[in-house]
Amino acid sequence: QKEVEQNSGPLSVPEGAIASLNCTYSDRGSQSFFWYRQYSGKSPELIMFIYSNGDKEDGRFTAQLNKASQYVSLLIRDSQPSDSATYLCAVNGGQGAQKLVFGQGTRLTINP
Amino acid sequence: EAQVTQNPRYLITVTGKKLTVTCSQNMNHEYMSWYRQDPGLGLRQIYYSMNVEVTDKGDVPEGYKVSRKEKRNFPLILESPSPNQTSLYFCASSFWDREDEQFFGPGTRLTVL
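Basis of the calculations
- Residues numbered from 1 in each chain as written.
- Chains lettered and ligands numbered in written order.
- Predicted model: local features only at pLDDT ≥ 70, side-chain atom pairs only at ≥ 80, totals over all residues.
- Heavy atoms only, no water.
- Disulfide = S-S within 2.5 Å.
- Helix = DSSP H or I, 4+ residues; strand = E, 2+ residues; numbered from the N terminus.
- Salt bridge = Lys/Arg side-chain N within 4 Å of Asp/Glu carboxyl O.
- Buried < 20%, exposed > 50% of the residue type's maximum accessible area, 1.4 Å probe, protein only.
- 1 Å grid on protein atoms, 1.4 Å probe; cavity = no way out; pocket = protein on both sides within 12 Å on 5 of 7 lines; lining within 4 Å.
- Points joined across faces, edges and corners; volume = space filled by probe spheres on them.
- Nonpolar A, V, L, I, M, F, W, Y, C, P; charged D, E, K, R; others polar.

## Description of the state of the cysteines
Inference 1: Counted by the stated rule, this structure contains two disulfides over all chains.
Inference 2: Each sulfur of the disulfide joining A:Cys23 and A:Cys89 lies 2.1 Å from the other. The sign of the S-S torsion, about -75°, decides the handedness of the disulfide formed by A:Cys23 and A:Cys89: left-handed. Of this pair, A:Cys23 sits in strand β3 (residues 19-25) while A:Cys89 sits in strand β9 (residues 85-92); the two residues are 66 residues apart in sequence, bridging distant segments of the chain.
Inference 3: One disulfide bridge connects B:Cys23 with B:Cys91, the sulfur atoms lying 1.8 Å from each other. With the S-S bond torsion at -70°, the cross-link from B:Cys23 to B:Cys91 turns out left-handed. A residue pair is termed long-range when its members are at least 10 positions apart, and B:Cys23 in strand β3 (residues 19-25) and B:Cys91 in strand β9 (residues 87-94) qualify at 68 residues.

Now the structure itself:
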């Protein structure tokens, strides 16, 4: 059984600080990695994806991937109260096959 | 407007009463998938479909059926629902090679008494 593990939190971060969310995965053959944001009662929304080792930046968000350590993270700079949500890490082991395996999610709260 | 729709959005039913949750997308996507979400367990894939008449099991298929007779529709069928199928269900779709553009439906909250 392929596994994706996240710290369920809750993670509490002051407004303006950097929020760091972490995810580990068990399938060494995994090829693509995703971060979704989910507000309470809403559907998941894709915010970042990364395929290669290293960092990928998009606005205030940075995804980091280390395949050797089987670790992917999401950094949110200048955290805003609107960033308060559950963040889901997802991993896909096959190109195009889209058998996404999700972690349990980390609940993030940004305190004004 | 490009969207994935699910119906019903909320359903309370009783054990053993067959039900269908519909999912429809208007983006001509080949790939469609059903997930359930339970507290502390994240999203778990139930079934997925790569195209019409092509379906495959996800990680938690027991107790569920699906069909893909048309490209736009992917209904989830619970032939004999049980209380352990009480959950929040999401349908999703995308082009088969665009996993970075997966659209989720609004969710269906199902309670089985």
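## Some points on the pattern of salt bridges
Inference 1: Counted by the stated rule, this structure contains seven salt bridges over all chains.
Inference 2: With a shortest N-O distance of 2.8 Å, A:Asp83 and A:Arg60 are connected by a salt bridge. Taken as a pair, A:Asp83 in the loop between β8 (71-76) and β9 and A:Arg60 in the loop between β6 (54-58) and β7 (61-66) lie far apart in primary sequence, 23 residues in all.
Inference 3: We classify A:Asp83 as buried; its relative accessible area is 1%.
Inference 4: Judged by its relative accessible area of 26%, A:Arg60 is partly exposed.
Inference 5: In this structure, the salt-bridge partner of B:Asp38 is B:Arg36, at a minimum N-O distance of 2.9 Å. Pair check on accessibility: B:Asp38 and B:Arg36 agree, each one buried.
Inference 6: Several salt bridges share partner residues, and in doing so they unite B:Lys18, B:Lys65 and B:Glu79 into one network.

## Here we look at empty space enclosed by the protein
Residues and elements named next belong to chain A.
Inference 1: Enumeration according to the criterion identifies one cavity of 30 Å³ or more in this entry.
Inference 2: Its volume calculated, the largest cavity comes out at about 50 Å³.
Inference 3: Along its surface, the largest cavity is lined by Lys-2, Glu-3, Val-4, Ser-26, Asp-27, Ser-30, Val-91, Asn-92, Gly-93, Lys-99 and Val-101.
Inference 4: Its residues assigned to classes, the lining of the largest cavity shows three nonpolar, four polar and four charged.

## What to know about the layout of surface pockets
Inference 1: Computed from the structure, the largest pocket encloses a volume of approximately 490 Å³.
Inference 2: Lining the largest pocket are 25 residues, with A:Gln38, A:Thr86, B:Gln37, B:Asp38 and B:Pro39 sitting closest to its centre.
Inference 3: Counting only elements with at least two residues in the lining of the largest pocket, the list comes to β9 and β11 (106-111) of chain A together with β4 (31-38) and β9 of chain B.
Inference 4: Top element by residues in the lining of the largest pocket is β11(A). It accounts for four residues.
Inference 5: When the residues that make up the lining of the largest pocket are grouped by side-chain class, the tally is six nonpolar, 15 polar and four charged.

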